[in-house]
Amino acid sequence: MSNKQDGRIKNTVRNIFFGYTSTLITALLGFIARKIFIMRLAESMLGVNSLYTGILSALSLTELGVGTALNFSLYKPVAEGDTETIKSYMRLYKKAYRIIAAVVAIIGIALIPLLPVLTNKGASDISTRDLTLYYLIFLFNSATSYLVSYKYSLVNAEQKTYIQTNIITITKMVSVTSQIVVLLLTSSFYAYLLTDLFVQLFQKIFVSKYLSKRYPYLEDKDVRPLTTQQVSEVKDKTVSLMWLKIGDTARTQTDAIVISAFINVIYTGVVDNFNMVINTVSSFVNTIFNAALPGFGNLIATESRQKQYDMFKVYRFAAQWLYGFSAVGFYILLSPLIVLLYGQKWALGQGIILLIIIEYYLKGERTVVNNFKTAAGKFEQDKYLATTQGAVNLVISIVLAIKIGLIGVYVGTVVSGLIANFVRPYIIYRDCFNQEVKKYYIDSFKYHIVMLGTTLLCIWLATFTLPKISWIYFIITGLMITVVYNVIFLAFFGRGEEFKYLEGIILSRIKRKAQT
């Protein structure tokens, strides 16, 4: 194994370890905080909290892909130790993100008159004044985050995302713990939001000073300007990513807004309970793939196409394994878990759950392709695809939300997502690997058939292991799914080169630890 490859693996493993630790801690605190939130505050407050989170997520559209374009540009100078070029890119990044922070604040303020319209169904018990002040607290947190977040790009380009993970974990621990105490003492939504604001503000000041100390050359005044070609490359990638960002926002960040405007703001909070569980488990899965992303940037900058293709297949194999396993678990156990945690009144119909899980599973498949495409800087080839997806999602979601209710929102999400599942693999197989894309679709068919058969078997077995909703039956069913899914998946795919590669890495690391 080469030193470069060994270094990538070490950083990836470290990123995964700290990512898992972070997810576990924040998940436990998050579920406790959500339980107390539901106990202490009105249903409408949870809906408003979820709606405003969705609005601010949609406002991230103003970033327009600048961060992704500049992150890609940093991979090569970081790999080569070219400090002067790093300084030049980081200065451009800093200027861009200051402008973005101002634009987010301006657009956010301009949206204030729309708040009563978005909350008039289900939040009539909250005054317009309170709705506005709550929103301004959310907006302040969001806009100010752009003033320091650009510095994380250098850490990530060095394949050291664990630094960002650790800072966020500590901040989250302090913030959520403080919010729990505040809710128990005051039952005040204002106090809940302001507690997080002050903790986040302290974090931003600390991060700015810490990363400036870690990379003192970022404070240098003597910074050479980027060449015309370098600026042009960033602009071209940003323009391509702009369309991707617009479409992606319209497809993935608008569900809460559509639900609030056309159905009821309270349902936004109900759905958010399910999303919280999915996002928590998804964080465990995504930690592996996000931790490997900087390594892919380094891999693409230094290795052959064949090596890139071999690593992509390993990456995809791991994704299908983990996303498939968690999707089966979600479909069978998600509703029982919500009932156990929050009560029957917070449950959703199984049809809605099915669509949510289909989107989760297909999103996992897209994550593999998207991450590799991003690391390779292939932004131009499908710059209008996400915009098409976003338009399809909004049209279908709004029309069906009016006609058939909540389930219609998720029909739009699934249908629009499928477009990328078919189109994007063609791009990376053609432009990155010089391979026939039919290989990808054939593998997809095999993975999906095994996934479907295993799901049906687990659903049937769950009729025996989960006769009623209780923690003991829930645990037994979880163990059943774990055994059945993994045995079947490895029986079909465990003899392939992808599994052998992963097995070799694990065994070699165990051997090293045994020798030390």
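Shown above is the structure to which this text applies.
Here the structure is a predicted model, which is why all the values come from computation and not from measurement.

A. Spotlight on the packing of aromatic side chains. Taken as a whole, this structure holds 34 aromatic pairs when the rule is applied. Relative to Tyr360, the ring of Tyr323 lies with its centre 5.4 Å away and its plane at 55°, an arrangement referred to as tilted. Of this pair, Tyr323 sits in helix α13 (residues 305–342) while Tyr360 sits in helix α14 (residues 350–376), and the two are 37 residues apart along the sequence. Taken as a pair, Tyr323 and Tyr360 share a single burial class, namely buried. Ring pairs connect the aromatic residues Phe317, Trp321, Phe325, Tyr447, Tyr485, Phe489, Phe492, Phe493 and Phe499, which therefore count as one cluster.

B. Expanded view of the pattern of salt bridges. Tallying each qualifying case throughout the model produces 9 salt bridges. For Lys87, the salt bridge goes to Asp220, with nearest N and O atoms at 3.1 Å. Of this pair, Lys87 sits in helix α4 (residues 83–110) while Asp220 sits in the loop between α9 (189–214) and α10 (228–252), and the two are 133 residues apart along the sequence. A salt bridge links Arg129 to Asp130, with the shortest nitrogen-to-oxygen separation between them at 3.3 Å. By relative accessible area, Arg129 is classed as exposed at 58%.

C. Region of interest: unusual backbone geometry. Its identity as a non-glycine residue notwithstanding, Ser187 has a phi of 50°, on the positive side. Within the fold, Ser187 resides in the loop between α8 (161–186) and α9. Its identity is not glycine, yet Asn434 carries a phi of approximately 55°, on the positive side. With respect to the helices and strands, the residue Asn434 is situated in the loop between α16 (406–433) and α17 (438–465). On the basis of relative accessible area, Asn434 is assigned to the exposed category, the value being 60%.

D. Geometry of the environment of Tyr93. Mapped onto the elements of the fold, Tyr93 is located in helix α4. Between the C-alpha atoms of Tyr93 and Ser153, which are 60 residues apart in sequence, the distance is 9.1 Å.

E. Focus on the side chain of Thr280. Examined against the element boundaries, Thr280 turns out to sit in helix α12 (residues 265–302). Among the polar contacts listed, one links the side chain of Thr280 to the backbone oxygen of Met276, at a separation of 2.7 Å. With residues up to four places along the chain from it excluded, the contact list for Thr280 reads Thr23, Ala27 and Phe31.

F. View of the nonpolar core. Among the nonpolar cores identified, the biggest contains 129 residues, and Tyr52, Tyr135, Phe312 and Tyr410 are the most heavily contacted of them. Ignoring any residue separated from it by four or fewer positions in sequence, one finds Tyr135 in contact with Tyr52, Ile55, Leu56, Leu59, Gly108, Leu111, Ile112 and Leu115.

G. How the structure looks around the environment of Ile396. Note that Ile396 resides in helix α15 (residues 385–404). C-alpha of Ile396 to C-alpha of Thr413: the two residues are 17 residues apart in sequence and 8.3 Å apart in space. In contact with Ile396, other than residues within four places in its own chain, are Ala401, Gly408, Val411, Gly412 and Val415.

H. Up close: α9. End to end, α9 covers 37 Å across 26 residues, agreeing with the expected 38 Å (1.5 Å per residue, within 8%). Among the residues of α9, the N-terminal cap falls to Ser188, whose side-chain oxygen and the backbone nitrogen of Tyr190 are separated by 3.3 Å.

I. Inspection of a nonpolar patch on the surface at higher detail. A surface patch of nonpolar side chains, amounting to about 440 Å² of accessible area, comprises Phe140, Leu194, Phe198, Leu201 and Ile205. Sort the elements by how many residues they give to the nonpolar patch and α9 lands first, with 4 residues. Here Phe198 is to be found in helix α9.

How each quantity is defined
- Residue numbers here run from 1 along each chain, matching the order of that chain's written sequence.
- Where local features are concerned, this predicted model is filtered to residues with pLDDT of at least 70; where side-chain atom pairs are given and counted, the filter is 80 or more; whole-chain, interface and lining totals use all residues.
- The side-chain figures draw on all heavy atoms in the structure; neither hydrogens nor water molecules are used.
- Only Phe, Tyr and Trp rings take part, Trp by its six-membered ring, and two of them pair if their centres are within 6.5 Å. Stacked means planes under 30 degrees apart, edge-to-face means over 60, and tilted covers everything else.
- Numbering of helices and strands runs from the N terminus; a helix is a DSSP stretch of H or I covering at least four residues, while a strand is a stretch of E covering at least two.
- Throughout this description, buried means an accessible area under 20% of the type-specific maximum (1.4 Å probe, protein chains only), exposed means over 50%, and partly exposed covers the range between.
- Here, a salt bridge means any side-chain nitrogen of Lys or Arg that lies within 4 Å of a carboxyl oxygen of Asp or Glu.
- Any N or O atom pair separated by 3.5 Å or less is treated as a polar contact, with the protein-specific requirement of one donor-capable and one acceptor-capable atom, and with residues adjacent in sequence counted only for side-chain atom pairs.
- Here, residues are in contact when the closest pair of their heavy atoms is within 4.5 Å.
- Grouping buried Ala, Val, Leu, Ile, Met, Phe, Trp, Tyr and Cys residues that are joined through side-chain atoms within 4.5 Å yields what is termed a nonpolar core.
- Between the first and last residue of a helix there are one fewer steps than residues, each counted as 1.5 Å, and that sum is the expected span.
- Only residues whose relative accessible area exceeds 30% and that form no salt bridge enter a patch; like-charged residues are grouped when within 9 Å of one another, and nonpolar side chains (Val, Leu, Ile, Met, Phe, Trp, Tyr) when within 5 Å.
- Note on areas: Shrake-Rupley, 1.4 Å probe, and residue coverage restricted to the protein chains presented here.

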